[in-house]
4 protein chains.
Amino acid sequence: MSNTLGKIFQVTSFGESHGPGIGVVIDGCPAGLKIDREKIAADLARRRPGQGPATSPRNESDDFEILSGVLNGKTTSAPLCFFIRNRDIDSSAYEERRFTPRPGHADYPAYVKYDGLEDYRGGGRFSARVTAGWVIAGSIAKQILEKIGVRVSAKIVEIGGVQENWERRIAEAVETGDSVGGIIEGVADGLPVGLGEPVFGKLDAELARALFSLPAVKGVEFGEGFASARMLGSEHNDPYKVRGGKIVTTTNHAGGVLGGLSTGMPLIVRVAFKPVSSIAQPQQTINLQTKEPVTLKTEGRFDPCPVPRAVPLVEAMMAIVLCDFSLRRQACFK
Amino acid sequence: MSNTLGKIFQVTSFGESHGPGIGVVIDGCPAGLKIDREKIAADLARRRPGQGPATSPRNESDDFEILSGVLNGKTTSAPLCFFIRNRDIDSSAYEERRFTPRPGHADYPAYVKYDGLEDYRGGGRFSARVTAGWVIAGSIAKQILEKIGVRVSAKIVEIGGVQENWERRIAEAVETGDSVGGIIEGVADGLPVGLGEPVFGKLDAELARALFSLPAVKGVEFGEGFASARMLGSEHNDPYKVRGGKIVTTTNHAGGVLGGLSTGMPLIVRVAFKPVSSIAQPQQTINLQTKEPVTLKTEGRFDPCPVPRAVPLVEAMMAIVLCDFSLRRQACFK
Amino acid sequence: MSNTLGKIFQVTSFGESHGPGIGVVIDGCPAGLKIDREKIAADLARRRPGQGPATSPRNESDDFEILSGVLNGKTTSAPLCFFIRNRDIDSSAYEERRFTPRPGHADYPAYVKYDGLEDYRGGGRFSARVTAGWVIAGSIAKQILEKIGVRVSAKIVEIGGVQENWERRIAEAVETGDSVGGIIEGVADGLPVGLGEPVFGKLDAELARALFSLPAVKGVEFGEGFASARMLGSEHNDPYKVRGGKIVTTTNHAGGVLGGLSTGMPLIVRVAFKPVSSIAQPQQTINLQTKEPVTLKTEGRFDPCPVPRAVPLVEAMMAIVLCDFSLRRQACFK
Amino acid sequence: MSNTLGKIFQVTSFGESHGPGIGVVIDGCPAGLKIDREKIAADLARRRPGQGPATSPRNESDDFEILSGVLNGKTTSAPLCFFIRNRDIDSSAYEERRFTPRPGHADYPAYVKYDGLEDYRGGGRFSARVTAGWVIAGSIAKQILEKIGVRVSAKIVEIGGVQENWERRIAEAVETGDSVGGIIEGVADGLPVGLGEPVFGKLDAELARALFSLPAVKGVEFGEGFASARMLGSEHNDPYKVRGGKIVTTTNHAGGVLGGLSTGMPLIVRVAFKPVSSIAQPQQTINLQTKEPVTLKTEGRFDPCPVPRAVPLVEAMMAIVLCDFSLRRQACFK
């Protein structure tokens, strides 16, 4: 009962990794937006696996179909529904290890929660596959944000502890049958001052919630983040000045958000991803039925690092939240 | 329009720092809970300023009144309303600096957002004072959680970069008219397996959102958190084993949550607080009306470090979220 | 968990008939609204019992206190909290008949639902007393609506089947220890075209839901309502014409709403109230503990007819819903 | 932003009359429910047009596809998505009368609301076609309710003012190019005592809201409904007695709901439908661009009476709401 995100710009997710497909319903998109299919396809391509050594060999074309909400290429204010059919599905590996939960995955808590009735094939509802729908919603959100001068972007900050040459770091992990994590930084430029709501609708709080919805995320921080815990107030506070007639801060330790409201400075968030849970090395688990120990050798198709494909995901979640807040201040909802 | 937190156990916050008082409405508390006023008072006392060198000199007794929802000392299923009158109010300092926003505070974005119509006295709705109501709600939530064997606690991990002897670290900051931040770790023991909802109601995502609602929070991480970004999958994955007939993990790098669901292991979250924004040192700001530069010397009553008083706040936000999720699985709502 | 009404203009109700008092939190009121205390008091006076033969002898002054959200007499965008203390409370009658549910009241289903833990004194949470808070919220909503040219009013259409001289109809009921029902018609003038949302946020659907929240309501209809079921399409359809440069309909059988959207014509709704359930005549009930039949003679302080005092309630619920929809189209939420 | 109904059992509607198709996402369906496709098909067949003189000639097979949420024929707790492709589409009539709003339809307010950007073909989002998705959701809800012994059914009470032989009444309307309305009564048997929530989540209020979401509904009443406004309290109150060890009322004037809670007696609701707005007789409208008067002769494919096809719709909306409330009391949400 928690597959919807947003208050005004509402994104409802459906679909599983090995079911008929993945979809998303977007409710609250203003009428008259020209849907740019190329941009959506480009964002999906950035998330798509099967493109290189650092990504999963699953071959998906991610052709999406628009099931509702568009007339003559433009939104009508009716809910948009996008659907991507799953094509390249092989569930056999999951049948074999049905009762041997993979360490680091949601297998075990999901099995307990749903009494074994959950769709376990390919991670089912917990698969990163479902985020394809979120990328589409994020792409629409970015198109709305562009119209009001807000630009969202994300980039890799580090992988496996290194800030450069991280492709080699991933290759090393692949060689040893291991996986690595990393950090992505997202930035939003052009935000108006005062986006966000006190006290339970803070901009950073809603962004954090959306970003923690992404698979493998273990930490979120804004501005100086955890480093701010070691700073003095005199170091951390951002002084105000006037530049070009506009009030700005001389530094941006806050990362563009104070008291849950945007300050007009660039919004900066960093997201920590744990290493991918699926590794080729043998791991210890138990059989859920017999409670006997089992040495698991995960096979299938996986990324050794979640970070490269997660860049458009961070952008998408940021864009969805920022679009939701932006629409609250627009007279869009006649 | 964002002063309510929770889906089943709903907490609505109202009140300002220098208004008549601070309150909270709690909707969704099951009938028949004996309200332990002593426990509430004890939690409020831990949050209360004016108790030592590390806290604000504001003198508040935090006597609370129960305005609704209780009959013969027990809840009735009707909404509970708690109210704490503000007593020790001096708004004069805020009148003087009405148009000179304090660096690090929400003054500037709030002024822009509300066209200067917001309650600016004592930080108004952005004041940490409003969290007194959340402590009450958290105390009720802890009383409900205790009944199902869940215990929530928090402790200071570091202040100003030091893990021990941090009282001295605060004293040093006071001497130089400065402030320091720090990190609090929260733990929930006794959680059932499978609390949380995929995909937009993940346990960690909802906890992060609630914790980012606390003033001065700049980062939230679970388990290994940001450190996990530098670990290998073979290091980070928690192997399963059976202990005392129960399935557990041999390590708990995940911090008790996988795929947004509780694993049954202790839930561990760390929260980074920036240093308090109000410092005695002169700071650069501008006059919002004249746009002239102003050197601000903040006076008033402030804590040099937000962390000591925030310990019960971290507990409160964790308890509110965990209670909300727990009630979803109980047959409480006849 | 259902004490909040509205999406943007959110009204949270708390309090019981015989508890400390009755209150309401209003979240989403734009900043800068001058609170007219006289208008609120006047609306409360229209709802107040103890004013004549047709109303309950309970003596309440309905003095309200503003607990939050106002600075210098104006709203600040922070949640407003209003509170009315209960004064004239006599719960003795309720103690006596604790286990003999009154026919027509919520006593029996509430007792079963809450295992006897509900506040039963004076009807507790089910008492019409709680609507005092809604009148305050409605009064605020009317003040907001006035600013955009929308006027909400309600009047008695019939009581006990008669359209005139209904005060005598009530007096007759009092004489025989009986009670009567009636119908109230509410009208909203000055609505813009297109208020409301397809498909699950229709203007009439949301109004009906709010009006059915009032005690004793058994039917709601718009325009011709139930009579439309007996009309031909050629009779019922409202033809369009241009009058004074404005598009209007020559008739208004629809009651100002088509497809869930306002048409710009007066919105007309009729609300049917059953007779008050508390009557002086003996009634058959059972003892919930012994399951023995009991002849109940209700004593206490009750109105013989719910309709006169419900006129400001119908206005209040209409205003709350219309304000909620109106704010969605305004650029109020910076 | 209002295309979702329900709090626990959440139904999100998408699709338009002349777009790719009609769909529904159902979030909150417990895991392990065997989806009975035959029952869904049977409910859809009852709603389908093109079956006789009283229904529209549009030929739709209503074959639905399950896009998500099912594994081996059973629900998994993941959101269900159902989709019905539109096949028999002819939009030419709508192009011609784009700027001449049909009396009684949402054409005019929708045009104003969306600045002409709405999907106008076949009524677009306002078409009764969208209710096909709701029938599917209602069918699922009925399957859940059956498991707890709740049965929902609806029947025609009157059409065009006559209680019998109403097929002839419809035929007469067709002959004169006119349309007729009518009344449907819905009944829910087997409800537990205490379903519903005070004060803004009353069972009757939520049912009314859902039923007013259906096209052409102008009135909703429970039990004696509008007739209760003319009854005395001594007539209307339902006395309690014990029958077979169970507490029941000797009459059921209340229609099974008191104070917003189910009483355990049959829940009875009546829904008034206006005559279909599309008629063959000429009607007066205006051209929205020129503001010149236009005599409109509606052509296309329409039902002369909305009532026969609305019977499964009334059942569906009742089932969706009752399922939502029922799941709140079940320990379904682990």
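Heads up: the structure comes first, above all this text.
In this text the structure is predicted, and so the values were computed from the model without any measurement. (Residues numbered from 1 in each chain as written. Chains lettered and ligands numbered in written order. Predicted model: local features only at pLDDT ≥ 70, side-chain atom pairs only at ≥ 80, totals over all residues. Heavy atoms only, no water.)

Participant: An account of the interface of chain A and chain B is requested, with residue identities and associated values reported.
Facilitator: By a widespread convention, an interface's size corresponds to the accessible area lost as its parts come together. Listed per partner, the contact involves 100 residues of chain A and 100 residues of chain B. Both faces considered, chain A and chain B share a buried interface measuring about 8,200 Å² in area, 63% of it formed by carbon and sulfur atoms. Taken as a group, A:F200, A:K218 and A:Y240 account for 12% of the area that chain A buries against chain B, more than any other trio of residues on that side. Here chain A is connected to chain B by six salt bridges. Of the charged contacts in the structure, one is a salt bridge between A:E197 and B:K113, with a shortest N-O distance of 3.8 Å. Linking chain A with chain B are 37 residue pairs in polar contact (both at pLDDT 80 or more). If you tally residues by element for the side of chain A that touches chain B, the top one is strand 10 (residues 217-222) of chain A, at six residues. (Contact = heavy atoms within 4.5 Å. Buried area = accessible area lost by both parts, 1.4 Å probe. Salt bridge = Lys/Arg side-chain N within 4 Å of Asp/Glu carboxyl O. Polar contact = N/O pair within 3.5 Å; in protein donor to acceptor, adjacent residues only side chain to side chain. Helix = DSSP H or I, 4+ residues; strand = E, 2+ residues; numbered from the N terminus.)

Participant: Before we move on, can you summarise the relation of the copies chain A and chain B with the specific residues and values?
Facilitator: For the pair chain A and chain B, the best superposition has an RMSD of 0.0 Å and corresponds to a rotation of 180 degrees with a translation of 0.0 Å parallel to the axis. Between the two chains, the operation in question is that of a two-fold axis. (Least-squares fit on C-alpha atoms with pLDDT ≥ 70 in both.)

Participant: Could you give me a rundown of the packing of aromatic side chains, with the residues and numbers involved?
Facilitator: Across all of its chains, the model carries 26 aromatic pairs over all chains by this definition. Relative to A:Y111, the ring of A:F99 lies with its centre 6.1 Å away and its plane at 85 degrees, an arrangement referred to as edge-to-face. Remark: A:Y111 occurs in helix 3 (residues 107-113) and A:F99 occurs in the loop between helix 2 (92-96) and helix 3; sequence separation between them is 12 residues. The residue whose ring lies beneath C:R328 is C:F325, and the NZ or CZ to ring-centre distance is 4.4 Å. For D:R97, the ring lying beneath its charged end belongs to D:Y94, and the centroid distance is 4.6 Å. (Phe/Tyr/Trp six-rings, centres within 6.5 Å; stacked < 30°, edge-to-face > 60°. Lys NZ or Arg CZ within 6 Å of the ring centre and 35° of its normal.)

Participant: Account for the sheet that holds strand 4 (residues 64-68) of chain C, naming residues and giving values.
Facilitator: Residues and elements named next belong to chain C. Pairing in this open sheet of five strands is antiparallel, and the strands run 1-2-3-7-4 from one edge to the other. Every other strand in the sheet has two partners, leaving strand 1 (4-5) and strand 4 as the edge strands with one partner each. Bridge analysis of strand 1 against strand 2 (residues 10-15) gives two bridges, and the strand direction is antiparallel. In the strand pairing of strand 2, T4 is matched with T12. Across the sheet, helix 1 (residues 37-47) is in contact with strand 4 and strand 7 (80-85); its angle to strand 4 comes to roughly 130 degrees. (Pairing = 2+ DSSP bridges. Axes fitted to C-alpha atoms, helices over the stretch in contact; angles between N-to-C directions.)

Participant: Give me the side chain of A:S91: which residues, what numbers.
Facilitator: All names here are of chain A. Mapped onto the secondary structure, S91 falls in the loop between strand 7 (80-85) and helix 2. At 2.6 Å, the side chain of S91 and the side chain of H18 are in polar contact. When residues no more than four places from it in sequence are discounted, the contact partners of S91 are H18 and R121.

Participant: Tell me about the pattern of salt bridges, residues and numbers included.
Facilitator: What the rule picks out here adds up to 76 salt bridges over all chains. Two residues, B:R46 and B:E315, come together in a salt bridge whose shortest N-O distance is 2.9 Å. One end of the pair, B:R46, is in helix 1 (residues 37-47); the other, B:E315, is in helix 8 (residues 307-329), and 269 residues separate them in sequence. B:E315 sits in the buried class, given a relative accessible area of 5%. Between C:D43 and C:K142 there is a salt bridge, with its nearest N and O atoms 3.2 Å apart. Here the residue C:D43 occupies a position in helix 1, and C:K142 occupies one in helix 4 (residues 131-147), the gap between them amounting to 99 residues. The residues C:D43 and C:K142 share a single accessibility class, namely buried. (Buried < 20%, exposed > 50% of the residue type's maximum accessible area, 1.4 Å probe, protein only.)

Participant: Summarise the relation of the copies chain B and chain C; cite the residues concerned and give the values.
Facilitator: With an RMSD of 0.0 Å, the fit of chain B onto chain C corresponds to turning through 180 degrees and sliding 0.0 Å along the axis. Of the interface residues in chain B, 100% have counterparts in chain C that sit at the interface too, so the contact is made through matching surfaces.

Participant: Requested: an account of the interface of chain B and chain C, with residues and values cited.
Facilitator: Across the contact, 42 residues belong to chain B and 42 residues belong to chain C. With both chains or domains summed, chain B and chain C bury close to 3,400 Å², and 59% of this area falls on carbon and sulfur atoms. Remark: the boundary between chain B and chain C carries two salt bridges. Counting the contacts that link chain B with chain C gives eight residue pairs in polar contact (both at pLDDT 80 or more). For the side of chain B that touches chain C, the elements supplying multiple residues, two or more each, are strand 2 (10-15), strand 3 (21-27), strand 4 (64-68) and strand 7 (80-85) of chain B. Here the side of chain B that touches chain C takes five residues from strand 2 of chain B, the largest share from any one element. Among the residues making up the side of chain B that touches chain C, the classes are represented as 17 nonpolar, 14 polar and 11 charged. (Nonpolar A, V, L, I, M, F, W, Y, C, P; charged D, E, K, R; others polar.)

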